[in-house]
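Summary of structural features
Now for the letters of each chain:
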Amino acid sequence: MTTRQVEAPPISALRHKDLLGISDLTADEILLILDTAEAMREIGDRPIKKVPALRGKTVVNLFFEASTRTRTSFEIAEKRLSADTLNIAATASSVVKGETLVDTALNLEAMAPDMIVLRHAASGACHLLSRICRAGIINAGDGMHEHPTQALLDAFTIREHKKSIAGLKVAIIGDLLHSRVLRSNVQLLTKLGADVWVSGPPTLMPAGIERQGVRKTTSVDEAVEGADVVMLLRLQIERMQGMFFPSLREYFTVFGMTRERLKLAKHDVIIMHPGPMNRGVEIDSEVADGPYSVILEQVSNGVSVRMAVLYLLAGGAEHETAV
Ligand code: CP
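Read on for an overview of the structure.

How each quantity is defined
- Residues numbered from 1 in each chain as written.
- Predicted model: local features only at pLDDT ≥ 70, side-chain atom pairs only at ≥ 80, totals over all residues.
- Heavy atoms only, no water.
- Helix = DSSP H or I, 4+ residues; strand = E, 2+ residues; numbered from the N terminus.
- Rg over C-alpha atoms; globule rule 2.2 N^0.38 Å.
- Buried < 20%, exposed > 50% of the residue type's maximum accessible area, 1.4 Å probe, protein only.
- Contact = heavy atoms within 4.5 Å.
- Areas by Shrake-Rupley, 256 points an atom, 1.4 Å probe, with all protein chains shown as cover.
- Lys, Arg positive; Asp, Glu negative; His and termini not counted.
- Charge placed at Lys NZ, Arg CZ, Asp CG, Glu CD.
- Salt bridge = Lys/Arg side-chain N within 4 Å of Asp/Glu carboxyl O.
- Near = heavy atom within 4 Å.
- Polar contact = N/O pair within 3.5 Å; in protein donor to acceptor, adjacent residues only side chain to side chain.
- Nonpolar A, V, L, I, M, F, W, Y, C, P; charged D, E, K, R; others polar.
- Phe/Tyr/Trp six-rings, centres within 6.5 Å; stacked < 30°, edge-to-face > 60°.
- Lys NZ or Arg CZ within 6 Å of the ring centre and 35° of its normal.
- Pairing = 2+ DSSP bridges.
- Axes fitted to C-alpha atoms, helices over the stretch in contact; angles between N-to-C directions.
- Expected span 1.5 Å × (residues − 1).
- Arc of directions from axis to C-beta.
- Core = buried A, V, L, I, M, F, W, Y, C linked by side-chain atoms within 4.5 Å.

Of regular secondary structure, the protein chain possesses eleven helices and nine strands. Taken over the C-alpha trace, the protein chain has a radius of gyration of 20 Å; the compact-globule value for 323 residues is 20 Å, and the two agree within 12%. Referenced to the eigenvectors of the C-alpha coordinate spread, the extents of the protein chain come out at roughly 70 × 55 × 45 Å. Counting every position in the protein chain, which comprises 323 residues, the buried fraction comes to 54%. In the protein chain, of all internal contacts separated by at least 6 residues, the share reaching a separation of at least 24 is 73%. Counting every atom, the protein chain has about 14,500 Å² of accessible surface; 54% of that belongs to carbon and sulfur. Side chains of the protein chain carry 36 positive and 39 negative charges; the gap between the two charge centres is 2 Å.

Here it is, written out as structure tokens:
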């Protein structure tokens, strides 16, 4: 008798009520989010960019750190899905009177939101809220830990240009030490089979990063050589205590991405940056605004990816099919 291998059906839902990090997602769940984002993107092309998928749901955007792209695209995503949205900036809340994150969250929770999108300077802040809140918690960047929706929109953008992520050489260059974008991207890209290289000054290289399945080098040229994707990361001066490099001018000379240096990459390389950019520090304006740059596409894709995350965490098709 022969036995036939039965393939598992594709998954159609996320297992968790929260999105705290890429570390919690399987490769199949990542692909589900990316595929759902493809469907969500079409909504943004309609004359009326709105569907009732999250009608009756309340989403609170709670931002303890500055943001342009993440906060705005979450709000647009929520509105496109017809959720009721509230934006709370720490500077305009009772946090300035000394209220703690936990008390702030418990008071918001008393008003029964369905989801809280949190950005906070402390690594692990989202995990803390996830333990005390009934509402789903979405990590919009916690300290130096994770920024999962950034990595998801980066993957969406790469897939758009390269069809598949497996086997691509992805060079991530810059302030690796302070970057939550790095940590989320390393996990996502290695889960999907990319060949990930990281490069930056030795003082900004996280200890043991090579144990996460990436190759590290202090030579930017080595990282860029033959790369399909080059992702630049911002120097996060606000998180630095002490001197990590002699001067911004020297940093640009040794690690900055210039048109000349980019010639080492594949002819169809794409240039990415999560923003905000320090032009003339980690990236030359000629590269940022040049033909290989997909930086503004990343921003556009952020809306579709965040719609997908909100929709799937709210229950996806089980909750509401009208997308
Ligand atoms: N990429 C990113 O997180 O940008 P913002 O800080 O503007 O949200």
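Let us now look at the pattern of salt bridges. Evaluation of the coordinates by the stated rule reveals 18 salt bridges. Across the pair Glu75 and Arg71 runs a salt bridge, and its minimum N-O distance is 2.9 Å. Here Glu75 pairs with Arg71, and both are found in helix H2 (residues 69-80), just four residues apart, close to one helical turn. Overall, Glu75 belongs to the buried group, its relative accessible area being 17%. Taking the relative accessible area as the measure of exposure, Arg71 reaches 25% and is therefore partly exposed.

In this section: the site of the ligand. As a structural note, the neighbourhood of the ligand is formed by Ser67, Thr68, Arg69, Thr70, Arg119, His147, Gln150, Pro274 and Gly275. The separation between an oxygen atom of the ligand and a polar main-chain atom of Thr68 is 2.8 Å. Between His147 and the ligand, the recorded distance is 2.9 Å, taken from a side-chain N or O atom to an oxygen atom. Computed on the free molecule, the ligand has an accessible area of 250 Å², of which 92% lies beneath the protein chains in the complex. Of the residues assigned to the shell around the ligand, the class counts are one nonpolar, six polar and two charged.

For any two aromatic rings, the description comes down to two numbers: the centre-to-centre distance and the angle of the planes. Applying the stated criterion across every chain, the model contains one aromatic pair. Where Tyr251 meets Phe255, the ring centres are 5.3 Å apart and the plane angle is 35°; that geometry is what we call tilted. Here Phe255 and Tyr251 lie together in helix H8 (residues 248-255), a separation of four residues that amounts to about one turn. In terms of burial, Tyr251 and Phe255 fall into one category: buried. Here Lys169 stacks its cationic end above the ring of Trp197, 4.3 Å away from the centre of that ring.

Moving on, we come to the side chain of His273. Mapped onto the elements, His273 comes out in the loop between strand S9 (270-272) and helix H10 (285-288). At 2.9 Å, the side chain of His273 and the side chain of Glu282 are in polar contact.

On the basis of which strands lie adjacent, the open sheet formed by five strands has the order S7-S6-S5-S8-S9 and parallel pairing. A strand with exactly one partner marks an edge of an open sheet, and here the two such strands are strand S7 (215-217) and S9. Neighbour-to-neighbour, the strand axes of the sheet open up by a mean angle of 20°, direction not taken into account. By the bridge criterion, five bridges tie strand S5 (residues 169-174) to strand S8 (residues 229-233) in an arrangement that is parallel.

What follows concerns helix H6 (residues 180-191). With twelve residues, H6 should cover 16 Å at 1.5 Å per step; its first-to-last C-alpha distance of 17 Å lies within 8% of that length. Where H6 is concerned, the buried positions are Arg180, Val181, Leu182, Ser184, Asn185, Val186, Leu188 and Leu189. The opening residue of H6, the one whose side-chain oxygen lies 3.2 Å from the backbone nitrogen of Val181, is Ser179. Of the residues one or two after H6, Gly193 is the one with positive phi, at around 90°.

Of the residues making up helix H4 (residues 125-132), those classed as buried are Ala125, Cys126, Leu129 and Ser130. Angular distribution of buried residues about the axis of H4 spans 135°; they occupy a single face of the element. Looking at the buried positions of H4, the neighbouring elements they touch are helix H3 (101-109), strand S3 (115-120) and strand S4 (136-142).

Here we come to the pairing of S8. Most of S8 is tucked away, with five of its five residues classed as buried. Here S8 shows no split at all, with Val229, Met231 and Leu233 on one side and Val230 and Leu232 on the other all buried.

This part is about the nonpolar core. Leu152 and Ile172 are the most contacted members of the largest nonpolar core, which totals 63 residues. Examining the composition of this core, we find that nine residues originate from one element, helix H11 (residues 295-313), more than from any other.

With respect to the helices and strands, Ile138 occurs in strand S4. For Ile138, a relative accessible area of 0% translates into the label buried. Residues contacting Ile138, with those up to four places away along its chain left out, are Leu19, Phe74, Met115, Ile116, Val117, Leu118, Thr149, Val309, Leu310 and Leu313.

Functional significance is not addressed by these values, which are geometric in nature.
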